[in-house]
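A closer look at the structure
Listed here are the chains, written in short residue letters.
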Amino acid sequence: MPFMGGRHVSYRVGCTEEEWYEKAIAALARLGISGLICCRCDQDNVHDIRVVLRELFLDRSSMTWDGCYFELTEYGEKLAKEFHLEDEDEGNLLSRVLPGFREELGRIFDEHGVGLDTDLPYDKLLSLKSN
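Heads up: these notes are all about the structure in this document. Residue positions are given per chain, counted from 1 along the sequence in the order it is written. With pLDDT at 70 or above as the cut-off, local features in this predicted model cover only qualifying residues; side-chain atom pairs require 80 or more to be listed or tallied, and sums for whole chains, interfaces and linings still use all residues. Think of the side-chain values as coming from all heavy atoms in the structure, minus any hydrogens and water.

Another point: the pattern of salt bridges. A side-chain nitrogen of Lys or Arg and a carboxyl oxygen of Asp or Glu constitute a salt bridge if their distance falls within 4 Å. Applying the stated criterion to the full structure yields five salt bridges. Note that R50 is salt-bridged to D48, the shortest N-O span being 2.7 Å. The rule is simple: take the accessible area with a 1.4 Å probe, protein chains only, and divide by the maximum for that residue type; under 20% is buried, over 50% is exposed, in between is partly exposed. In this structure R50 comes out as partly exposed when scored by relative accessible area, which is 39%. Among the residues examined, D48 registers a relative accessible area of 33% and is labelled partly exposed. The residue E104 makes a salt bridge to R107 at a minimum N-O spacing of 2.7 Å. Taken together, the positions of E104 and R107, both in helix α6 (residues 101-111) and three residues apart, correspond to about one turn of that helix. One continuous salt-bridge network, built from bridges that share partners, spans E104, R107 and E111. Here a strand is any run of E in DSSP of at least two residues, a helix any run of H or I of at least four, and the numbering for each starts at the N terminus.

Residues G76, L79 and A80 constitute the buried set of helix α4 (residues 74-82). Projected onto a plane normal to the axis of α4, the buried residues spread over an arc of 100° and lie on a single side. Exposed residues lying more than 90 degrees from the buried face of α4 are E74, K78 and K81. Any two residues having at least one pair of non-hydrogen atoms within 4.5 Å are treated as being in contact. Looking at the packing, one finds that the buried side of α4 touches β4 (69-72) and α6. Backbone geometry just after α4 places H84 at a positive phi near 55°. The arc in question is the one spanned by the directions pointing from the helix axis to the C-beta atoms.

Structure (structure tokens):
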């Protein structure tokens, strides 16, 4: 279930580039801070997701976004297997919500302080030193 960031996808999801950017940063922040995904900006190294999020937050250029490859951590893989996400084809997965998945994801986000009703800690991300 790896995916890549990329600002060029906004037209595919029917929103403006600004709306896509805000939603993408929020989703990546929640998934990254909760430990469900990690980022590889090169083939060999996993990078501190908080530092990557800071760079994406500050630099909207395609060069930065297109260079990030996100993948599930062991924790994220466990969640995917628990809800049989690896068995879903893309069309089926997009058309339904798996029973209990939304609640479990919400619980995980809340547990890590990045719940859907919580302001995201962008100020803490911005204060990180870049590598």
